[in-house]
Amino acid sequence: MILLLYVGGLSAQRTVIGQVVDTENTPLIAATVQVKNTTTGTVTDVDGKFELTVGENANTLVVSYLGYVTREVGIVPGPLTITLRTNDNLLDEVVVVGYGTVQKSDVVGSVTSVDVDEATAIPTTNVAEMLRGRAPGVQVNLADPRPGGTSNIVIRGKVSLVGNDPLVIVDGVPYDNINDVAPEDITSIEVLKDASSQAIYGARAANGVILITTRRGKEGKLQVNYHGYATVQSLTKNFDLYNGEEFAQVRREAQRTDNNDMYLDDEIIFEPQELQTLQQGDYVDWEDLVLEDALIQSHSLTLAGGGQNTKVYTSLNYFDQDGLIPTSGFKRGAIRLNVDQRVSDRISLQGNVNFQKSQQDIESSSLNFINISPLARPFDDNGDLAKFPLGEGSTTVNPLWNIRESDNQRETTLVDLNFVGNYELLPGLSYKLNTFFRNRAANQGLYRSSQHSEGDADIQGLATLTNTFYREYLLENIVNYSPEINENNKLDLLFVQATNQRNSEETSITKSGFPNDALGFNGNASEVRGNSRDVTRRRLVSFLGRVRYNLNDRYLLTLTMRADGSSVFAQNNKWGYFPAAAVAWKAHQEPFLRDISAITQLKLRVSYGSTGNEGIDPSQSLGVADDLPYTFGGVTAGGFAPLTRLPNPNLKWETTTTLNAGIDFGFWNNRLLGTAEYYVSSTTDFLLDRALAGTTGFTVTRFNIGEVENRGVELSLAYDVVRNENLRWNVGAVWSANRNKIISLDGSTDENGEPIDFVSQGLFIGEPIDNIRQRVFDGIFQADDDIANSAQPDAMPGDVRVVDLNGDGMITDLDLRVFRENPDWYGSLNTTLTWKGFDLFGDLYFVSGALKLNPYLADFNLGGTLQGARNGIKVNYYTPENPSTEFPRPRPNTPSNLFALAVKDASYLRLRTLTLGYTIPPATVGRIGLGSIKVYATGTNLFTDTEYKSYSPEVNPGAFPDAKGYTFGLKVGF
């Protein structure tokens, strides 16, 4: 916004004064204000104000600021109000890459910037979920929906069995947990996806790299901002359970199947308590009884500002989330302090401190409450909880009882200290010292009272105490040289020497025999039932260099080399070398395209290089001994013997080599922006355990074998449907497809010369790493089928029919098929609409072709349900009156081949985010002494279209349920 006051007079010159601010009424310091078509101009001061003397013929000012759309403002009498809007698509936008930054137009590798405002619209501390659907090639799968839970991030497919988590770098230092950065502190997120961009991180980069930059202070007056929101969460699901009468009918049908199609009397098949419940119709809805709506609240206060030499950013964050299951929850308080200090023209310092304290409360261990019969009685005649809701003769424990009689609490304290020193040795030549220390201490106490099903009175309570410590040290010496050659030749040289060490310790003790339950796991116990201690250390020494060259602002070249020495590998293979090269052509800068107004940018990129994976346990290449106590002469003595793992002195890292080709384009003044990429990567020296013959004295060894391939296509598009002063409507899409395949294993062959699969480890040549090996469901046998001449001659009408794949007339293990779990493709569609002070954002996320094994449709869950023994997912089962072709007939014994019908399509379409906000006009807010006020409402997981029967298509029944949420938030700038 710019406020202009025209001061007129009879002289040939006049003075224009004003102020430049952004859409949130924050002053923009050093914004350029210039008379159009002249060299007359000035810049704004620390309050965004300016004063400019212009000629009497001047009628237009040009106002510009990095990252904002340049505006032309007419000079007329009276005040004018004009909004300077941010421009997310400027070619000179700065993008963070490994060990530095680069203009977006000069990016050579595959680097995707994530829109932070859209990403942080999700009310959670799970930063991984904020990346879902924001970047092509980045697949996020929900791992744990409980408060304080996590998600798995896979970038461009799985490359390993020993870990596929990407490397997370926050402000230039590694974070072992992406959720250790508060969402309110994030200012930018970049994802490095190809070898050219990743290779600079060497042996830790094969799974991709995520770069996160936190906010920093800016020169100017102190800016104080508050952001708070409250969220109500409720259950989301895609299945029904049997109610009491339906459950009773399943049991009747099961008994009928085994009784010549004759129903038995209820008095025979139901217990007296169940009969009473049936007569009264007082059934139990265990979901309704156990689960409850949950509340989230979050508060964040940030302060930023500074002068020419000192700039400070600090934040205080508090997050509190209750779980859908009582006694579950997560609380976290976080403080961040980022300081920038210029000591002299050549020396500057940075200090970053991140402190967090969190507490996670985990519910009782059993979540399978949906299996419990609805004919139960959860409360006794006095209204108190009944431990055994199916009667004292049953072993089924009331889930509310175990929830009440358990305590599982994990407290974590995290301290990060990062100090950076910069020294400009010569013009264009600089040295940086980057140091980092991380200390995380976690204490977990688990207590099952003497009344709990796992801590019954005979052992007088059961407790497990676990203490975990993690410490990381990093020291980097960074030299950068950017000589000034001429305007047509730009060169940037980087050299880094780094040392990184990660130490972890875990001590655990289990005890029982508590005098009472009052103190829980903090009480004194009479018996130690077990203890353990595990200590590991990882060291990494690295040397790396990078050359970036720009010729005529058209032809770009980047060469990278990194050498890593890792302590986790064997003596013969301590060092790995990871080179990469990338070239790009900015075709829109060529004379034959420069005059085509429709083409704003057109860049072609190709890269090739290698990265590594050293993610194995530190001791797996060594021969270590284990405690082996023995008894001699009635006395127990300590002893040690080699473990069953054979050491491998030649063990080394996995190497992933990637070829990437991409095109970046922008048309019609970047109204349409997009990127398309194709990649193929090959991971060799696959790390895997191999079974050994018992005669060797060992049972297993870890070794390098085989090859895994990933290839895929990625596409991202953004289009401004409407783009003017008051209204902007943007539509964007992200689409990804990946094919993962095992090319070879250890090279061994069978008697026919065919490669041998590792069946016991679920690895099959030509198939993906993630797979399901199961028989193929072929419907339900009907009464008129020729069962006697089928491959299942002993089957009965209503039984599951499976495919005889090899046609030998029998169903054996040779009829097992490998199903691919990974989706055919996944992506998102989003839209942003802004009109005056209103903004609307919506995000649809889709997954197509994914397969998943649903255990509640397999024999150990559905089997019990179709026996009438326990409740479960309501299905259309077979009866003579209802000859279903979907699910088998109930019977007293578990129906056979249920696993075949448990392989289900897990595709889905979900409305992940829908948010509507309103920013009160700055003039109105200014009257009450505030800088800005925004209110908003957000819905998350509002709608899911899927055929997969579960609480979420990514989480099976029996796990912590997923939730939908309704959020109301407030942002205030002071």
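Quick note: structure is the one above.
Residues numbered from 1 in each chain as written. Predicted model: local features only at pLDDT ≥ 70, side-chain atom pairs only at ≥ 80, totals over all residues. Heavy atoms only, no water.

Asks: Looking at this structure, how should I read the layout of surface pockets?
Replies: Empty space among the atoms becomes apparent when a probe as large as a water molecule is rolled across them. Considered as a void within the structure, the second largest pocket measures approximately 1200 Å³ in volume. Together, 44 residues line the second largest pocket, and Asp 165, Asp 176, Arg 204, Arg 502 and Gly 615 are the ones closest to its centre. When residues of the lining of the second largest pocket are traced back to their parent elements, those giving at least two are strand 13 (151-155), strand 14 (167-170), strand 25 (462-481), strand 27 (489-512), strand 28 (527-551) and strand 31 (599-613). Broken down by class, the residue content of the lining of the second largest pocket amounts to 15 nonpolar, 18 polar and 11 charged. (1 Å grid on protein atoms, 1.4 Å probe; cavity = no way out; pocket = protein on both sides within 12 Å on 5 of 7 lines; lining within 4 Å. Points joined across faces, edges and corners; volume = space filled by probe spheres on them. Helix = DSSP H or I, 4+ residues; strand = E, 2+ residues; numbered from the N terminus. Nonpolar A, V, L, I, M, F, W, Y, C, P; charged D, E, K, R; others polar.)

Asks: Looking at this model, I keep getting lost on the nonpolar core. Mind explaining?
Replies: A general feature of soluble globular proteins is that nonpolar side chains tend to end up buried together. Judged by nonpolar contacts, the single largest core of 48 residues is most densely connected at Phe 369, Leu 857, Leu 862 and Val 875. Where this core is concerned, the elements lending two or more residues are helix 4 (244-257), helix 6 (272-280), helix 7 (286-290), helix 8 (399-404), strand 43 (800-802) and helix 10 (862-866). Grouped together as the second largest cluster of nonpolar side chains are 25 residues, Val 116, Val 127, Ile 153 and Ile 189 included. (Core = buried A, V, L, I, M, F, W, Y, C linked by side-chain atoms within 4.5 Å. Buried < 20%, exposed > 50% of the residue type's maximum accessible area, 1.4 Å probe, protein only.)

Asks: I would appreciate a short explanation of the pattern of salt bridges in the present structure.
Replies: For side chains of opposite charge, pairing can occur when their charged atoms come near one another. Under the definition given, this model contains 59 salt bridges. Notably, a salt bridge pairs Asp 664 with Arg 605, separated by 2.9 Å at the nearest N-O pair. Of this pair, Asp 664 sits in strand 37 (residues 654-667) while Arg 605 sits in strand 31, and the two are 59 residues apart along the sequence. The pair formed by Asp 664 and Arg 605 is uniform in burial state, with each residue classed as buried. Across the pair Asp 962 and Arg 910 runs a salt bridge whose closest N-O atoms are separated by 3.3 Å. Taken as a pair, Asp 962 in the loop between strand 50 (932-946) and strand 51 (963-973) and Arg 910 in strand 49 (residues 908-919) lie far apart in primary sequence, 52 residues in all. When salt bridges with common partners are traced through the structure, they connect Glu 118, Glu 129, Arg 132, Arg 134, Asp 843, Arg 912 and Glu 954 into a single cluster. (Salt bridge = Lys/Arg side-chain N within 4 Å of Asp/Glu carboxyl O.)

Asks: When you look at unusual backbone geometry in this model, what are you seeing that I'm missing?
Replies: Most peptide bonds are trans, and most residues other than glycine sit at a negative phi. At Asp 171, a residue that is not glycine, the phi angle is positive and equals roughly 55°. Among the structural elements, Asp 171 can be located in the loop between strand 14 and strand 15 (173-175). Phi angles above zero are rare outside glycine, and Lys 836 is one such case at about 50°. With respect to the helices and strands, the residue Lys 836 is situated in the loop between strand 45 (825-835) and strand 46 (838-848).

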